[in-house]
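Residues per chain, in single letters:
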Amino acid sequence: MGRAAGFFISISTNGGWAGIYSGDLEKRWGESLRETCKPGEVWVQPPGTPTVGQAFLRAYRATGEERYLAAARGAGRALVWGQRTVGGWDHRVDVSHLTPDARRPERRKGRCTFDDDITQGAIDFLMDLDRTLDEPWLDDGVRLGLAFMLESQFPNGAWPQWYPLRGGYHDCYTFNDNTINDCIRVLVDAHRQYGEAALLAGARRGGDFIRASQLPEPQAGWAQQYSRDMKPAKARAFEPAGVCSAVTSRNILTLVDLAIYTQDDVYLEPIPAALAWLDRSKLDGKRWARLYELGTNKPIYGDRDGAVHYTLDEISEERRSGYSWQGSYGVASARLYYERVKEAGLEATAKREAENRAKEPSARERAKRARGLAPRARKVINPLDGRGRWVDNDGYIRSGTFVRNLRTLCEYVEAAGGAERK
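Reading the values: rules and limits
- Residues numbered from 1 in each chain as written.
- Predicted model: local features only at pLDDT ≥ 70, side-chain atom pairs only at ≥ 80, totals over all residues.
- Heavy atoms only, no water.
- Helix = DSSP H or I, 4+ residues; strand = E, 2+ residues; numbered from the N terminus.
- Contact = heavy atoms within 4.5 Å.
- Polar contact = N/O pair within 3.5 Å; in protein donor to acceptor, adjacent residues only side chain to side chain.
- Buried < 20%, exposed > 50% of the residue type's maximum accessible area, 1.4 Å probe, protein only.
- Axes fitted to C-alpha atoms, helices over the stretch in contact; angles between N-to-C directions.
- Parallel < 35°, antiparallel > 145°, perpendicular 65-115°, else oblique.
- Left-handed = near helix turned anticlockwise from the far one by under 90°.
- Nonpolar A, V, L, I, M, F, W, Y, C, P; charged D, E, K, R; others polar.
- Pairing = 2+ DSSP bridges.
- Arc of directions from axis to C-beta.
- Salt bridge = Lys/Arg side-chain N within 4 Å of Asp/Glu carboxyl O.
- Phe/Tyr/Trp six-rings, centres within 6.5 Å; stacked < 30°, edge-to-face > 60°.
- Lys NZ or Arg CZ within 6 Å of the ring centre and 35° of its normal.
- Core = buried A, V, L, I, M, F, W, Y, C linked by side-chain atoms within 4.5 Å.

Draft legend 1. The arrangement of the environment of Thr49 in detail. With respect to the helices, strands and loops of the structure, Thr49 is situated in helix α2 (residues 49-63). For Thr49 and Asp24, which are 25 residues apart along the polypeptide, the C-alpha to C-alpha distance reads 20 Å. When residues no more than four places from it in sequence are discounted, the contact partners of Thr49 are Gly15, Gly16, Trp17, Val42, Trp43, Ala75 and Leu79. Looking at Thr49, its side chain comes within polar contact range of the main-chain nitrogen of Trp17, at 2.9 Å.

The structure is reproduced here in structure tokens:
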């Protein structure tokens, strides 16, 4: 952990990180090699700066070592100094103006996105950091971010993909890539942490939008995005309007979460019809099409030609491999979650979850878990080179690999006793 953390801290840019680095560190990219990360920029989109900062925060809590907290604090400062004036974030931010003694962020104007957990993930991390650090710049960043989430919410409870609005499908009421689901989750977590009524009201409005946007029988699922007249809408050329199994599965999870937190079973009411539609629509025992045609319920697929296709064979190889068209989409887990909560009841479930959060494992339980995790920890340690790098097989250094491996080591240290043992 120490060697890996030391190397990754050494390659940070004013506290933040890119997504991908060349082996010689001369070049940096964002989510993929198609997105160059310029000098002075850091990446916000997962697994960028918030994700790395969260991993360091966990390492601090597992070990008590201050250098991990310092790294998490640096990530928080990079995000707050890269925060837009309206309160959210873009995929990347320029932090070249951030100096160690800077006391007040010089925020810049610009649009912000909820796509791919970008703004939500940044606020998530800052709120978690706020549980450990008490600093004015952090309080200000969290407060501005949460205010932005409420400001950008439509009166009907939905969120767009981008705000301020930029036109086109970006202004749709957007479930795709977990946009609305992540917004609701962050507001619930924020209400749990800060207790402000407006945060819970915003989360409930989001849940009310999920209920209102459920499509009628016999296709009682949800679309990836909706137009202002509440009709399923297309997005990119290869994303036709349709009923989406992946969105439906995620909405079930969000509705159950909201029902537990609010103790209001109104959020459970849409779920049986949604599950029945999923049952009727599966391709086989474990797979669904991502999208189904409105009316006919036939599986549909898209390509860059903008046309609707009815078989995967009809679309290009680039789109077949570059987009998820068929999968399990967590349907089985969503069903099980709903059934367990329905059987146990909302009050009993909430009580059990609170007890689990407060429960500390015994020394025997930790030791047993540590023994089980040891092979995974060794598997992570073996490829770590002498400089503290995890270099992927293609020669690139990825933030995602660092985060995944550091989490594994943290999990082992936590099971073995962590900071208490030290």
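Still to come is the rest of the account.
Draft legend 2. Spatial organisation of the environment of Ala348. Here Ala348 is to be found in helix α12 (residues 346-358). Judged by relative accessible area, Ala348 falls into the partly exposed class, the value being 37%. Between the C-alpha atom of Ala348 and that of Asp257, which follows or precedes it by 91 residues, the distance is 14 Å.

Draft legend 3. Focus on the packing of α2 against helix α4 (residues 118-130). At a minimum axis separation of 9 Å, α2 and α4 run at an interaxial angle of 25°. When the axis of α2 is compared with that of α4, the two are roughly parallel. Crossing of α2 against α4: the hand is left-handed. Contacts from Pro50, Gly53, Gln54, Leu57 and Arg61 in α2 reach Gly121, Ala122, Phe125, Asp128 and Leu129 in α4. Its residues placed into classes, the contact of α2 with α4 shows five nonpolar, three polar and two charged.

Draft legend 4. The sheet that holds strand β12 (residues 291-292), seen in detail. Read from one edge of the open sheet, five strands run β8-β10-β12-β13-β14, paired in antiparallel fashion. Each edge of the open sheet is held by one strand with a lone partner, namely β8 (222-223) and β14 (308-309). In this sheet, strand β10 (residues 243-244) lies alongside β8 in antiparallel orientation, the contact comprising two bridges. Its bridge partner being in β10, Ala223 is matched across the sheet by Val243.

Draft legend 5. Structural detail: the packing of helix α5 (residues 136-151) against helix α6 (residues 179-194). With their axes 11 Å apart at the nearest point, α5 and α6 run at an angle of 135° to one another. Here α5 lies oblique to α6, going by the angle between them. The interaxial crossing formed by α5 with α6 has left-handed handedness. In contact with Val142, Leu146, Met149 and Leu150 of α5, α6 contributes Cys183, Val186, Leu187, Ala190 and Tyr194.

Draft legend 6. Here's a closer look at helix α1 (residues 2-10). Within α1, burial applies to Ala4, Ala5, Phe7 and Phe8. Looking straight down α1, one finds that the buried residues subtend no more than 165° of arc, so they occupy a single side. Packed against the buried residues of α1 are α2, α3 (66-82), β16 (397-398) and α14 (399-416).

Draft legend 7. Structural view of the pattern of salt bridges. A full pass over the atoms with the stated rule returns 29 salt bridges. In this structure, the salt-bridge partner of Arg67 is Glu65, at a minimum N-O distance of 3.3 Å. Judged by relative accessible area, which is 26%, Glu65 ranks as partly exposed. Bridged by salt links that share partners, the residues Asp117, Asp124, Asp182 and Arg185 form one connected network.

Draft legend 8. Region of interest: the packing of aromatic side chains. Evaluated as defined, the whole model comprises 20 aromatic pairs. Judged by centre distance (5.4 Å) and plane angle (70°), the rings of Tyr173 and Phe209 are edge-to-face. Linking Tyr173 in strand β7 (residues 173-174) with Phe209 in helix α7 (residues 197-213), this pair joins segments that are 36 residues apart in sequence. Within the aromatic cluster, the residues linked to one another by ring pairs are Phe8, Trp17, Tyr21, Phe56, Tyr68, Trp390 and Phe402. The ring centre of Trp137 lies 5.9 Å from the NZ or CZ of Arg77, which sits over that ring.

Draft legend 9. View of the nonpolar core. Counting 116 residues, the largest nonpolar core has Phe8, Phe56, Trp89, Leu129, Ile252 and Phe402 as its most contacted members. Here the element with the most residues in this core is α3; it accounts for nine residues.

Draft legend 10. Highlighting unusual backbone geometry. In the segment running from Pro46 into Pro47, the intervening peptide bond is cis, with an omega of 5°. Take Pro47: it is sitting in the loop between β3 (41-43) and α2. The step from Glu217 to Pro218 runs through a cis peptide bond, and the omega angle for that step is 10°. Inspection of the secondary structure puts Pro218 in the loop between α7 and β8. The residue Asp177 is not glycine, and still its phi comes out positive at about 60°.

Draft legend 11. Layout of the side chain of Asp392. Tracing the backbone through its elements, the reader meets Asp392 in the loop between α13 (363-381) and β16. Within polar-contact distance, the side chain of Asp392 engages the side chain of Arg398 at 3.0 Å. At 3.1 Å, the side chain of Asp392 and the side chain of Thr401 are in polar contact. What Asp392 contacts, discounting residues up to four positions off in sequence, is Arg398 and Thr401.

Draft legend 12. Representation of the sheet that holds strand β1 (residues 20-21) in the model. Spatial strand order, β2-β1-β16: three strands in an open sheet with antiparallel pairing. In the strand order of this sheet, the two ends are held by β2 (28-29) and β16, each with one partner. Across two bridges, β1 lies against β2 in antiparallel orientation. By the bridge assignment, Ile20 is partnered in β2 with Trp29.

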